[in-house]
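# Chain and residue survey
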Amino acid sequence: MRSWRRHGKRGTPAPEDLRWHPVRVDGMRLSTVILPIHRWAEGQKIWRRAEDLGFHAAYTYDHLSWRSFREEPWFGSLPTLTAAACATERLRLGTLVTSPNFRHPVTLAKDLITLDDVSGGRITLGIGAGGTGFDATAMGQEAWSPKERADRFGEFLPLLDELLRNDATTREGAYYSAVEARNIPGCVQTPRLPFYVAAAGPRGMRLAAEYGQGWVTYGDPKGPADVPVEQAPDVIRSQIAKLTAACEKTGRDVATLEKMLLQGSTAEKPLESLDAFVDWAGTYQELGITELVIHWPVPDSIFANDLAVFERIATEGLAQLT
């Protein structure tokens, strides 16, 4: 598990500010996404199995409903992660990804410090600007334009960062405000739990460089499923170059930022066999990806992969990388 060191006391960060600096970087990690679709009597078995298989982390989607699962069972992410924290001991846990679509920084911060406490400091927050799916209008609002999503995220993330680092926070914004919002005792992880920022555009990349301990990509946001397999690595290479430039502008070494690739949104099929996974993982390891995330198989869905192959990948895949 990653260990972090903190600059300054809670609420009084040192001038170089609020970044985690990895004490140890030891190569690529493999994690999984477990969709929140199972009643807990069955779901808990999957989360425990993920830990037994040796995954670095298990994440879940933070949506109210999602795409082809719209009319199927779908549970809340934060209660699911709380239950998973109680069902496991070593596995890191998190969201991929939370967004402002139906969240507010003040209430989210309170939930996160609670979840970090219950888990014993095993939570990573994957977070992004959100999109135009079902979540965007479920609370009765009009779907935000790309500019408004970026504007809102530009307020949301810094305020959440402040809320999680301080006992009391007051800030007035155009979209999000806090008035003497208390978060005592704060996160178990200090100065707060890590943010993994999903970003493809310049504003999101800048936020990842300024506030992230990790960066998340799933490929080309304009049409990931349409990118030919042979071109998919070029998309990631280009994104990492942009991330590097964003880090340079903030005076940050891009090597201090974890780089996560979420599988499942491109035409690549790394879960068809162990050899296919090894080839896929090796390609992205060479590009600088430090964490790969693969979807736990769901029968009769877009994630319908062979469970036996999946488990072999989990236990043998990274060991075959040279």
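Conventions we followed
Residues numbered from 1 in each chain as written. Predicted model: local features only at pLDDT ≥ 70, side-chain atom pairs only at ≥ 80, totals over all residues. Heavy atoms only, no water. Helix = DSSP H or I, 4+ residues; strand = E, 2+ residues; numbered from the N terminus. Buried < 20%, exposed > 50% of the residue type's maximum accessible area, 1.4 Å probe, protein only. Pairing = 2+ DSSP bridges. Axes fitted to C-alpha atoms, helices over the stretch in contact; angles between N-to-C directions. Contact = heavy atoms within 4.5 Å.

This next bit is on unusual backbone geometry. Going from L96 to V97, the amide bond is cis rather than trans, its omega being -15°. Tracing the backbone shows V97 in strand β3 (residues 92-98). Backbone torsion omega between I184 and P185 reads 15°, so that peptide bond is classified as cis. Looking at the secondary structure, you find P185 in the loop between β6 (178-182) and β7 (195-198). For E180, which is not glycine, the phi dihedral falls at a positive 50°. Mapped onto the elements, E180 comes out in strand β6. Relative accessible area serves as the criterion here: at 48%, E180 is assigned to the partly exposed category. The backbone phi angle of D300 is positive, close to 55°, even though this residue is not glycine. Examined against the element boundaries, D300 turns out to sit in the loop between β10 (291-295) and α8 (307-316). The class for D300 is exposed, based on a relative accessible area of 81%.

Moving on: the sheet that holds β10. Strand order in the closed barrel formed by 8 strands is β1-β2-β3-β4-β7-β8-β9-β10, with parallel pairing between adjacent strands. Pairwise comparison of adjacent strand axes, ignoring direction, gives a mean angle of 25° for this sheet. As paired elements, strand β9 (residues 258-262) and β10 share 3 bridges and run parallel to each other. Looking across to β10, one finds that L261 is bridged to L292. Sitting on the sheet, helix α6 (residues 232-250) is in contact with β8 (214-217) and β9, with an inclination near 150° to β8.

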